[in-house]
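Letter by letter, the chains look like this.
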Amino acid sequence: MPSSPVTLRRPTDSDGYNLHQLVANCPPLDTNSVYCNLLQCADFADTAIAAEDASGQLVGFISGYCPPSRPDTLFVWQVAVDASMRGQGLALRMLLVLTARVAAERGVRYLETTISPDNAASQALFRRAFARLGADYSTRTLFSRAEHFAGRHADEVLYRAGPFAAPVLEEQLKETA
């Protein structure tokens, strides 16, 4: 499938409402409040990435943050890609560009996320990213269905990869630009 042109950039607070709509249209993602999305786009812009198409529509977004207890780690909170852009490698491109940018600016050398066991697409995305970064990874249940979600949400399994080297990241940034 031919790739549609997209621009990758830091989000701004004006992306908050559109992010909310994008996530709502991307099941099985959990929606957050519009206010939360505004904060993700404003206060966490340095650890997030937005993708917009030629018409200026938000078609992809990754939100993340560097946990205060692990400043060498980028934790990816959520990856959303509009249905019109799926199958074109946009999620992987965004993830690699974001990781390279945050590594260059903040010295990040580890990448983390949580994925529910039934989300094969996210598992495949992160495994591809870890392979491209040349990083080993480990998994463990971080939040369990029984203990943390009262049986109403699947387990959330932590994926942690790294350390990865700066030269590998620089190559990823070049290849995905």
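- The name an unreviewed UniProt entry assigns to the protein is L-2,4-diaminobutyric acid acetyltransferase, from the organism Geopseudomonas sagittaria.
- You can read under Pathway (unreviewed entry) in the UniProt record for the protein the words "Amine and polyamine biosynthesis; ectoine biosynthesis; L-ectoine from L-aspartate 4-semialdehyde: step 2/3."

1. Some details on the pattern of salt bridges
Point 1. According to the stated counting rule, one finds six salt bridges in the structure shown.
Point 2. Put simply, Asp-15 and Arg-9 hold a salt bridge, and the shortest N to O gap is 2.8 Å.
Point 3. Salt-bridge contacts for Arg-10 lead to Asp-46; the nearest nitrogen and oxygen are separated by 3.0 Å. Of this pair, Arg-10 sits in the loop between strand S1 (6–9) and helix H1 (16–24) while Asp-46 sits in the loop between helix H2 (34–42) and strand S2 (49–53), placing them 36 residues apart in sequence.
Point 4. Members of the salt-bridge network, linked through shared partners, are Arg-9, Asp-15 and Glu-52.

2. Structural notes on the pairing of strand S5 (residues 110–115)
Point 1. Most of S5 is tucked away, with five of its six residues classed as buried.
Point 2. Here four bridges tie strand S4 (residues 73–81) to S5, and the two strands are oriented parallel to one another. Paired with Val-76 across the strands is Thr-113, a residue of S5.
Point 3. In this fold, the crossover linking S4 to S5 by way of helix H3 (residues 90–106) has right-handed handedness.
Point 4. Of the strand pairs in this sheet, S5 and strand S7 (residues 156–161) are connected by five bridges, and their pairing is antiparallel. Bridge assignment links Thr-114 to a residue of S7, and that residue is Leu-158.

3. Observations concerning the sheet that holds strand S6 (residues 137–143)
Point 1. Taken in spatial order, the seven strands make up an open sheet running S1-S2-S3-S4-S5-S7-S6, and their pairing is mixed. If you trace the sheet from one side to the other, it starts and ends with S1 and S6, each paired once. Between one strand axis and the next, the sheet turns through 25 degrees on average, direction left out of account.
Point 2. Contacting strand S3 (58–65) and S4, H1 crosses the sheet at an angle of about 100 degrees to S3.

4. Quick notes on the packing of aromatic side chains
Point 1. Considering all chains together, one arrives at four aromatic pairs under this definition.
Point 2. On the numbers, 6.0 Å between centres and 55 degrees between planes, the contact of Phe-126 with Phe-130 is tilted. Taken as a pair, Phe-126 and Phe-130 lie in helix H4 (residues 120–133) at a separation of four residues, close to a single helical turn. Comparing Phe-126 with Phe-130, the two get one shared label, buried.

Thresholds applied
- Residues numbered from 1 in each chain as written.
- Predicted model: local features only at pLDDT ≥ 70, side-chain atom pairs only at ≥ 80, totals over all residues.
- Heavy atoms only, no water.
- UniProt positions renumbered as here; feature names shortened; annotations may be inferred.
- Salt bridge = Lys/Arg side-chain N within 4 Å of Asp/Glu carboxyl O.
- Helix = DSSP H or I, 4+ residues; strand = E, 2+ residues; numbered from the N terminus.
- Buried < 20%, exposed > 50% of the residue type's maximum accessible area, 1.4 Å probe, protein only.
- Pairing = 2+ DSSP bridges.
- Right-handed = clockwise from strand over helix to strand, strands pointing away.
- Axes fitted to C-alpha atoms, helices over the stretch in contact; angles between N-to-C directions.
- Contact = heavy atoms within 4.5 Å.
- Phe/Tyr/Trp six-rings, centres within 6.5 Å; stacked < 30°, edge-to-face > 60°.

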